[in-house]
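One letter stands for each residue in the lines below.
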Amino acid sequence: MKIKITKANRVAINALLDKINGKAYSHTAFHKHIFDLAESSEVRLEKFSIAKKDRSGAIACGMSGGNVLKAYKYSRIVNTYTIERGSAAWFLVSIEKFENWGNASKDQLILTFAQRDIAISKFTAQFSVQKIVELAVETRE
């Protein structure tokens, strides 16, 4: 599966989610969750100073359901979904349904090695590190 995340494909994404989730509805994903993940991931790539031409291959994972109270003792049906950055847009590449007993996991952005290196170099260019000064230590005998 590979569906471009655009407003034009909103109906197709919701239809796929309906097919996967069946009667489950309360804690499952719908197109807004996936669109929000794509948008927030794009913002994060921007904050890492990764140029648009270098963003291809980044992956983001999300989970529906949010947090529940500690006293919530029932399982619930949730979705995990994975999106991947193409050359110009994000694509939905995977959706799964499963039973969860706790809180949803946080969204995760996974960079390629090249993207990691770009982010680290841009970050470290913002500061310098002090030189180590050797202190003269007096020895007593």
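Below is a short write-up of the structure. Keep in mind that what you see is a predicted model, and the values were worked out from it rather than measured.

1. Some remarks on the nonpolar core
In terms of nonpolar packing, the biggest core is built from 19 residues, with Ile 5, Ile 13, Ile 34, Tyr 81, Ile 83, Trp 90 and Leu 92 touching the most fellow members. Ranked by the residues each element gives to this core, the list is headed by helix α2 (residues 31-47), at 5 residues.

2. Here's the deal with the pattern of salt bridges
Per the counting criterion, the structure on display carries 6 salt bridges. Residue Glu 42 is joined to Arg 55 by a salt bridge in which the shortest nitrogen-to-oxygen separation is 2.5 Å. Residue Glu 42 is located in helix α2, and its partner Arg 55 is located in the loop between α2 and β2 (59-63); the two are separated by 13 residues in the primary sequence. Arg 55 carries the same exposure label as Glu 42, and that label is buried. Its salt-bridge partner being Lys 53, residue Asp 54 comes within 3.4 Å of it at the nearest N-O pair. Counted as one network, the salt bridges with shared partners bring together Glu 42, Glu 46, Arg 55 and Arg 85.

3. What to know about the sheet that holds strand β4 (residues 90-100)
A sheet is described by the order of its strands in space; here 5 strands give the open sequence β1-β4-β3-β2-β5, paired in antiparallel fashion. The sheet is open, and its two borders are formed by β1 (3-4) and β5 (108-110), each paired with just one other strand. Relative to β4, helix α1 (residues 10-21) is tilted by about 25 degrees, and along the sheet it contacts β1, β3 (76-85) and β4. Along the sheet face, α2 touches β2, β3, β4 and β5 and points at about 45 degrees away from the line of β3.

4. Comments concerning the pairing of β4
The side chains of a regular strand alternate, residue by residue, between the two faces of the sheet. Taken together, the 2 bridges between β1 and β4 define a ladder with antiparallel strand orientation. Bridging across to β4, Lys 4 finds its partner in Phe 91.

The rules behind these values
Residues numbered from 1 in each chain as written. Predicted model: local features only at pLDDT ≥ 70, side-chain atom pairs only at ≥ 80, totals over all residues. Heavy atoms only, no water. Core = buried A, V, L, I, M, F, W, Y, C linked by side-chain atoms within 4.5 Å. Buried < 20%, exposed > 50% of the residue type's maximum accessible area, 1.4 Å probe, protein only. Helix = DSSP H or I, 4+ residues; strand = E, 2+ residues; numbered from the N terminus. Salt bridge = Lys/Arg side-chain N within 4 Å of Asp/Glu carboxyl O. Pairing = 2+ DSSP bridges. Contact = heavy atoms within 4.5 Å. Axes fitted to C-alpha atoms, helices over the stretch in contact; angles between N-to-C directions.

Functional significance is not addressed by these values, which are geometric in nature.
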